[in-house]
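Overview (structure and organization)
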Amino acid sequence: MSIRYFQPSYQEARSQFLAAAAVQPNKTWQDARIHPLQGSQGEPLALDSLWLGPRDAERLLVVQSATHGIEGFAGSAVQQALLNRDLELPENTALLLLHAMNPWGFSFRRRVDEAGIDLNRNFVDFYKPPENPGYADLAQALVPKSWNQEALHAADLKLEAYRQTHGETAYELAVSGGQYTHPEGLFYGGHAPSWSRQQLEALAEELLLAKREAVAIIDVHTGLGDYAVGEVICDHPPASQGVRWAKHWYGEAVTEPFLGTSSSVPKQGLIDFFWHALLPERCCFVTLEFGTGSTDQLFHVLRADHYLAQKKPGEVSPALINQLNQELQEHFCPSAAAWREAVVKQGLLRIDQALGGLAAL
Ligand SMILES: [Zn+2]
């Protein structure tokens, strides 16, 4: 049963990943970049990387997990499932697993990192960060000072008024497109490269990733789109090489935020853009996004998470903390066995398709 690859904590997920890594016959390199902080159980936090296959391979598949910390339960499960089956890599092809891009968020069960940064909005030029005036209009309503019926009702009215005036897409762009002004808010891209971004940039140099001929990247996410469906989202510019490869390898169901065909709106500072710039016309980055609930529910659980994060110990009742944390966990990693099986099955299918696509180039 593939659901056994879902672990109850970051600590357990890391330990299972490392145990599986230790017995890989074609392992040629392994590394752990240690985070300066400790995890929620006092455990070490790390961005672990594992290279299988030839170090000088011209073709490479990269599988990333936990770019959004709490979403790492699913991404880690896919990686563990992959390591627990007989893996045959095509000739001249290697596999790089990046386990827990944002280990702090994974351990503390938050989407953001220790500085409140959404790593998937952090890849911008900080000399001229993007502007998002819509977010400033909504900031107070999105993260209310109180979490009771009255306060939430007033906040919801404000959000609904914005949605009515500007339309659904403009609303989603304002909320989730990325903002660089409210560190305590949702989808905050930071004011400098995050720890995770710095590690990825250093790893890319150390591993000579820019020298490869073709690189496929699959970044596993959860929380947006139809339940138990792994949407293959491609944020390469329309009609570019990256889109062509994605459609060729994964099929016409590949969606494109730039064309409005995805459950995701176009966003600022995606980790995709790091890879696009590193390997122009030589990479195919897709977000494999497993749906769990509605976009409204996603925004709701994230608002609750950010509400809790701004409170001091003792300010919120333990019962409410517990309830909101459980809703957050269930949104990003549903406990239903059918959902978890779907994640592993579709994750492995997409990995096979990527390897097949690389081999056929
Ligand atoms: Zn995500």
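Further up the page is the structure itself.
As a starting point, this report considers the structure included with it. This one's a predicted model, so the numbers in the text were calculated from it and none came from an experiment.

1. A word on the overall build of the chain
- Within the chain one finds 12 helices and seven strands.
- Its C-alpha atoms give the chain a radius of gyration of 20 Å, within 12% of the compact-globule value 21 Å for 361 residues.
- Counting only C-alpha atoms, the chain reaches 60 × 45 × 40 Å along its principal axes.
- Excluding contacts between residues fewer than 6 apart, the proportion of contacts in the chain whose partners are at least 24 apart in sequence is 80%.
- Surface summary for the chain: the accessible area is close to 14,900 Å², and the carbon and sulfur share equals 52%.
- Side-chain charges in the chain split into 28 positive and 42 negative, and the spacing between the mean points of these groups amounts to 2 Å.

2. Considerations on the environment of Val 232
- As for its placement among the helices and strands, Val 232 is situated in strand 6 (residues 230-233).
- Put simply, Val 232 and Tyr 162 are 70 residues apart on the chain and 30 Å apart in space, counted from C-alpha to C-alpha.

3. Describing the environment of Phe 332
- Residue position: Phe 332 is located in helix 11 (residues 318-332).
- A relative accessible area of 1% places Phe 332 in the buried class.
- Separated by 141 residues in sequence, Phe 332 and His 191 have C-alpha atoms that sit 26 Å apart.
- Setting aside chain neighbours within four positions, we find Phe 332 in contact with Ile 70, Glu 71, Arg 111, Thr 222, Gly 223, Leu 298, Val 301, Leu 302 and Trp 339.

4. Structural notes on the pairing of strand 1 (residues 27-38)
- Across eight bridges, strand 1 lies against strand 2 (residues 44-52) in antiparallel orientation. Looking at strand 2, one finds that Ala 32 is bridged to Asp 48.
- From the end of strand 1 to the start of strand 2, which pair antiparallel, there are five residues, and Gly 42 there has a positive phi angle of about 80°.

5. Details of helix 5 (residues 149-166)
- Here helix 5 spans 25 Å end to end across 18 residues, near enough to the 26 Å set by a 1.5 Å rise per residue.
- Within the span of helix 5, buried status applies to Leu 152, Ala 155, Leu 159, Tyr 162 and Arg 163. Angular distribution of buried residues about the axis of helix 5 spans 100°; they occupy a single face of the element. Of the exposed residues in helix 5, the ones pointing more than 90 degrees away from its buried face are Gln 149, Glu 150, His 153, Leu 157, Gln 164 and Thr 165.

6. So, the packing of aromatic side chains
- The final tally for this structure, using the stated rule, is 12 aromatic pairs.
- Ring geometry for Trp 104 against Phe 108: centres 4.6 Å apart, planes inclined by 20°, an arrangement best described as stacked. With Trp 104 and Phe 108 both in helix 3 (residues 103-108) and four residues apart, the pair spans about one turn of that helix.
- Assessed through its relative accessible area of 33%, Phe 108 is described here as partly exposed.
- Ring pairing ties together the aromatic residues Tyr 10, Phe 73 and Phe 106, which thus form one cluster.
- Here Arg 55 stacks its cationic end above the ring of Trp 51, 5.7 Å away from the centre of that ring.

7. A short note on unusual backbone geometry
- The phi dihedral of Ala 66 falls on the positive side, at around 60°, and the residue is not glycine.
- Secondary-structure assignment places Ala 66 in the loop between strand 3 (59-64) and helix 2 (72-83).
- The phi dihedral of Ala 100 is positive, around 75°, even though this residue is not glycine.
- Tracing the chain through its elements places Ala 100 in the loop between strand 4 (93-99) and helix 3.

8. Notes on the coordination of the zinc ion
- For the zinc ion, the full set of protein donor atoms is His 68 (ND1), Glu 71 (OE), Glu 71 (OE) and His 221 (ND1), and the range of their distances to it is 2.1 to 2.7 Å.
- If you look at the zinc ion, its four donor atoms make angles of 53 to 143° with each other, and the shape they trace is irregular.
- Mapped onto the polypeptide sequence, the residues donating to the zinc ion form the spacing pattern H-x2-E-x149-H. In this pair, His 68 sits in the loop between strand 3 and helix 2 while His 221 sits in strand 5 (residues 214-227), placing the two residues 153 residues apart along the sequence.

9. So, the packing of helix 1 (residues 10-22) against helix 2
- Two numbers describe how helix 1 lies on helix 2: the axes approach to 10 Å, and their chain directions differ by 20°. Comparing their axes, helix 2 and helix 1 come out roughly parallel. Here helix 1 and helix 2 pass one another in a crossing that is left-handed. Contacts between helix 1 and helix 2 pair Tyr 10, Ala 13, Gln 16, Phe 17, Ala 20 and Ala 21 from the former with Phe 73, Ser 76, Gln 79, Gln 80 and Leu 83 from the latter.
- Classifying every residue of the contact of helix 1 with helix 2 gives seven nonpolar, four polar and no charged.

10. Some remarks on the nonpolar core
- By size, the foremost hydrophobic cluster in this structure holds 76 residues, and its most contacted members are Leu 61, Ile 218 and Tyr 250.
- The dominant element in this core, judged by the number of residues it contributes, is helix 12 (residues 337-359), at nine residues.
- Discounting chain neighbours no more than four positions away, the residues touching Ile 218 are Leu 61, Val 62, Val 63, Gln 64, Tyr 250, Val 286, Leu 288, Arg 350, Ile 351 and Ala 354.
- If you look at the next biggest cluster of nonpolar residues, it comprises 26 residues, including Trp 29, Leu 47, Leu 60 and Trp 275.

Criteria and thresholds
- Residues numbered from 1 in each chain as written.
- Predicted model: local features only at pLDDT ≥ 70, side-chain atom pairs only at ≥ 80, totals over all residues.
- Heavy atoms only, no water.
- Helix = DSSP H or I, 4+ residues; strand = E, 2+ residues; numbered from the N terminus.
- Rg over C-alpha atoms; globule rule 2.2 N^0.38 Å.
- Contact = heavy atoms within 4.5 Å.
- Areas by Shrake-Rupley, 256 points an atom, 1.4 Å probe, with all protein chains shown as cover.
- Lys, Arg positive; Asp, Glu negative; His and termini not counted.
- Charge placed at Lys NZ, Arg CZ, Asp CG, Glu CD.
- Buried < 20%, exposed > 50% of the residue type's maximum accessible area, 1.4 Å probe, protein only.
- Pairing = 2+ DSSP bridges.
- Expected span 1.5 Å × (residues − 1).
- Arc of directions from axis to C-beta.
- Phe/Tyr/Trp six-rings, centres within 6.5 Å; stacked < 30°, edge-to-face > 60°.
- Lys NZ or Arg CZ within 6 Å of the ring centre and 35° of its normal.
- Donors = N, O, S within 2.8 Å, 3.2 Å for Na, K, Ca; no water.
- Tetrahedral: all angles 85-135°; square planar, octahedral: opposite > 155°, others 65-115°.
- Axes fitted to C-alpha atoms, helices over the stretch in contact; angles between N-to-C directions.
- Parallel < 35°, antiparallel > 145°, perpendicular 65-115°, else oblique.
- Left-handed = near helix turned anticlockwise from the far one by under 90°.
- Nonpolar A, V, L, I, M, F, W, Y, C, P; charged D, E, K, R; others polar.
- Core = buried A, V, L, I, M, F, W, Y, C linked by side-chain atoms within 4.5 Å.

Just distances and angles here, no functional claims.
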